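Fold and geometry: a report
If you want the building blocks of each chain, they are given just below.
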Amino acid sequence: MARALYRRRSARCDSEFRRRAKPAAARSSGHHRQRADVYAAVGPPHKIIGNIYYVGTKTLSSFLIVTPAGNILMDSTYERNVPVIQKSVADLGFKFTDVKILLANHAHGDHQEGDALVKQLTGAQVMAMAEDVPALQAMKPGGKEHPIDRILQDKDTVTLGGVTLTAYLTPGHTRGCTSWTTVVQEGGKTYNVLFGCSLRPPGVITPAIADEFRRAFKVVRALPCDIQLGDHGAQYGMHAKHAKLQSGGPNPFVEPATCMQEADLGEAMLNAQLAEQAAARQ
Ligand SMILES: [Zn+2]
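Notes on the structure in this doc start here. As the structure is a computational prediction, the values presented were derived from the model and not from experiment.

Each value, and the rule that gives it
- Residues numbered from 1 in each chain as written.
- Predicted model: local features only at pLDDT ≥ 70, side-chain atom pairs only at ≥ 80, totals over all residues.
- Helix = DSSP H or I, 4+ residues; strand = E, 2+ residues; numbered from the N terminus.
- Buried ≥ 20, exposed ≤ 12 C-beta atoms within 10 Å, placed from the backbone.
- Contact = placed C-beta atoms within 7 Å.
- Arc of directions from axis to C-beta.
- Pairing = 2+ DSSP bridges.
- Axes fitted to C-alpha atoms, helices over the stretch in contact; angles between N-to-C directions.
- Parallel < 35°, antiparallel > 145°, perpendicular 65-115°, else oblique.
- Left-handed = near helix turned anticlockwise from the far one by under 90°.
- Nonpolar A, V, L, I, M, F, W, Y, C, P; charged D, E, K, R; others polar.
- Right-handed = clockwise from strand over helix to strand, strands pointing away.
- Expected span 1.5 Å × (residues − 1).

What follows covers the overall build of the protein. Scanning the protein for helices and strands turns up eleven helices and twelve strands. Per-residue burial over the protein gives 43% buried out of 282 residues. Considering only contacts within the protein whose residues lie at least 6 apart along the sequence, 64% involve residues at least 24 apart.

This paragraph deals with helix α5 (residues 82–91). Buried within α5 are the following residues: Val 82, Val 84, Ile 85, Ser 88 and Val 89. Take α5 and look down its axis: the buried residues cluster within an arc of 160°, on one side only. Phi turns positive, to about 95°, at Gly 93, one or two residues after α5.

Our next topic: the sheet that holds strand β3 (residues 63–67). If you trace the seven strands from one edge of the open sheet to the other, you get β1-β2-β3-β4-β5-β6-β7, paired in mixed fashion. The strands lining the two open edges of the sheet, one partner per strand, are β1 (46–49) and β7 (150–152). Averaged over all neighbouring strand pairs, the angle between strand axes comes to 25°, with direction disregarded. Strand direction decides the pairing type here: strand β4 (residues 70–74) and strand β5 (residues 99–103), joined by four bridges, are parallel.

For the pair helix α9 (residues 207–221) and helix α11 (residues 261–281), interaxial distance at closest approach is 10 Å and the crossing angle is 160°. One element, α9, and the other, α11, form an angle in the roughly antiparallel class. Two packed elements cross with a definite hand, and for α9 against α11 that hand is left-handed. Between α9 and α11, the contacting residues are Ala 210, Phe 213, Phe 217, Val 220 and Arg 221 on the first element and Ala 263, Gly 266, Glu 267, Leu 270 and Leu 274 on the second. Looking at side-chain class alone, the contact of α9 with α11 contains seven nonpolar, one polar and two charged residues.

Take the pairing of strand β12 (residues 227–230) next. Of the two faces of β12, the one holding Ile 227 and Leu 229 and the one holding Gln 228 and Gly 230 are both buried throughout. As paired strands, strand β11 (residues 189–196) and β12 are joined by four bridges and run parallel to one another. Bridge pairing in β12 links Gly 196 to Gly 230. Between the parallel elements β11 and β12, the chain passes through α9 in a crossover that is right-handed.

Here the focus is the sheet that holds strand β10 (residues 178–186). Taking strand neighbours across the sheet as the criterion, the five strands line up as β8-β9-β10-β11-β12 in an open arrangement whose pairing is mixed. On the outer flanks of this sheet lie β8 (157–160) and β12, each paired with one strand and no other. Averaged over all pairs of adjacent strands, the angle between strand axes in this sheet comes to 25°, irrespective of strand direction. Alignment of β8 against strand β9 (residues 163–169), held across four bridges, turns out to be antiparallel. Considered in β9, the bridge of Thr 159 is made with Thr 164.

Further remarks concern the pairing of β10. Judged from the four bridges that link them, β9 and β10 form a sheet pairing that is antiparallel. For Tyr 168, the partnering residue across the bridge sits in β10 and is Ser 179. Bridge count for β10 against β11 is seven bridges, and the pairing is antiparallel. Looking at β11, one finds that Gln 185 is bridged to Thr 190. Remark: two residues form the turn of the hairpin made by β10 and β11, two consecutive strands paired antiparallel; Gly 187 in that turn has positive phi of roughly 55°.

A separate point is α11. Given a rise of 1.5 Å per residue, 21 residues ought to cover 30 Å, and the 30 Å separating the end C-alpha atoms of α11 matches this to within 8%. Among the residues of α11, Glu 262, Ala 263, Gly 266, Glu 267, Met 269, Leu 270 and Gln 273 are the ones counted as buried. In a view along the axis of α11, the buried residues occupy a sector of 165°, so they form one face of it. Away from its buried face, by an angle of more than 90 degrees, α11 presents the exposed residues Ala 275, Ala 278 and Ala 279.

Any functional reading would require information that these geometric values do not contain.
Okay, structure coming up:
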């Protein structure tokens, strides 16, 4: 079951890399054009809760965290999606040039390729977990150097306009995969928000990667969480919750019971793959 889920849901980042590594001629088939459209289609942009908004594409998350001193953007996604994010920010009534800080979940192209362009358009400070820096330095869309203004360590905090986010190193998917926490107020209540990093294992798991994941699962399970968000909307049922939000009632994004869903799924996938690898060696 976990293995089937893995095949169906996990390989997004990696398959996107493989697709983009192909020459343009090989990519121009109808199938690939269709897939590219899905990745670039607009979110839709929406308020999640309090000062947190969704400004990503249909499948790739990008979050806007609004503060009185300017805004924080989490995940630029692919460079070609930056205009989509820019428009979503404007459609929600905010100025893209008010983005002061650019954060991210992890150093894969579908989440951070657009960083250099966002920096160019906004002048935002780009911050990255130390362990992801080598992968980011190798990410050069159109030959542009990947901007990094501040290198973060595990449990570092980022503060703007009275809003604080804490960076937790939850490695495995990438070396510096970062899960972020913050608190948000709405209706007189305070909620813990977890911007989870992907916990999906890569195709081949080395003992070092397995160790990283074990650490990540332990860290994530200890984090306070009332609202779980993730670097792909599918990790937290974004489209279903957004539809529910439209019909009124309690905010569907507040769902502590499903906060550890990504960790549970990731761990099941990891164990299934490790068992498969061990069986293949015999
Ligand atoms: Zn990834």
